[in-house]
Amino acid sequence: MLLLWLAACVGAPTSAPRVVDLSHAFDADTIFWPTEEGFVLIPEHAGLTPGGYYYESHRFRSAEHGGTHLDAPIHFGANGWHVDEIPIERLVGPAVRIDVSPACEADRDHAISLRDLENWEARHGAIPGGSIVLLHTGLSAHWPDRAAYLGTNERGEGAVAKLHFPGIDPAAARWLVDERGVSAVGLDTPSLDPGVSKTFESHRIFSAANVPGFENLTGLEKLPPLGFHVVALPMKIRGGSGAPLRIIALLP
């Protein structure tokens, strides 16, 4: 019934839509920035209680930014929204998928360019205002191999200089904000900016415009170029700069 209700809300046919999970699970292999500890599940209880019934409960600790997660605009913008301040309408809505995987396969450090976006529009029409834009680089195929995904298996501050993965060129980020008025942007890499970036300019552009970012997505190859909706619901951390994210796509 829930899927039928969601389908009605997004204008899909009355039959249940197909649901595509775009999220990696959180576990000991989840990839975080090299300076972060990672996700830790702390077992506490799993078994029968003195009352004779089964009970299981654990604790976890985690950085805000790692695994499939949301970047709140405050992450790189002093006046941006925190996680709990992002209007839910910015996280749920019509979406497009832009496949840049051939260029990213040819160039590990490919910066997704305005030309990439214009080439997509030449085939599919203009990106509608208010869309959630998902950029498919193909990098998620390497998850959870840290060396293949990040470009290095090293950890610590020194490893940051050895990161190599695709991201968004600042000119393309500016165009998505100014010319297409997107609601949110996501991709299947560890960062909105390429791994070689030192100034994180695309992050700063999106943050200044209060555009949330979704990082470390997966399953984007299962989506069509357009005609689907996204539901991206982060843990609602008051004052958070980011949060673990469960994101799905609804296909008619």
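Cut-offs and rules
- Residues numbered from 1 in each chain as written.
- Predicted model: local features only at pLDDT ≥ 70, side-chain atom pairs only at ≥ 80, totals over all residues.
- Heavy atoms only, no water.
- Helix = DSSP H or I, 4+ residues; strand = E, 2+ residues; numbered from the N terminus.
- Buried < 20%, exposed > 50% of the residue type's maximum accessible area, 1.4 Å probe, protein only.
- Polar contact = N/O pair within 3.5 Å; in protein donor to acceptor, adjacent residues only side chain to side chain.
- Contact = heavy atoms within 4.5 Å.
- Phe/Tyr/Trp six-rings, centres within 6.5 Å; stacked < 30°, edge-to-face > 60°.
- Pairing = 2+ DSSP bridges.

1. Focus: the side chain of N210
(1) Moving on: In this structure, N210 sits in the loop between α6 (201-208) and β10 (213-215).
(2) Moving on: Residue classification places N210 among the buried residues on the basis of a relative accessible area of 16%.
(3) Moving on: Side-chain polar atoms of N210 contact the backbone nitrogen of W81, separated by 3.0 Å.
(4) Moving on: Not counting residues up to four positions away in its chain, the partners in contact with N210 are P73, G80, W81 and R90.

2. Details of the packing of aromatic side chains
(1) Moving on: Considering all chains together, one arrives at five aromatic pairs under this definition.
(2) Moving on: For the pair F26 and F39, a centre-to-centre distance of 5.6 Å together with 55° between the ring planes defines the contact as tilted. In this pair, F26 is assigned in the loop between β1 (18-21) and β2 (40-48) and F39 in the loop between β1 and β2, connecting sequence segments 13 residues apart.
(3) Moving on: Owing to a relative accessible area of 15%, F39 belongs among the buried residues under this scheme.
(4) Moving on: Taken together through their ring pairs, the aromatic side chains of F26, F39 and F60 make up a single cluster.

3. Focus: the pairing of strand β11 (residues 228-234)
(1) Moving on: Counting buried positions along β11 gives six out of seven residues, so the element sits mostly inside the fold.
(2) Moving on: As judged from the four bridges shared by strand β5 (residues 92-99) and β11, these two strands associate in the antiparallel manner. Counterpart to V92 in the pairing with β11 is V231.
(3) Moving on: Pairing of β11 with strand β12 (residues 242-251) involves six bridges; the strand directions are antiparallel. The residue bridging V231 from the neighbouring strand is I248, located in β12.

That's the geometry; what it means functionally is another story.
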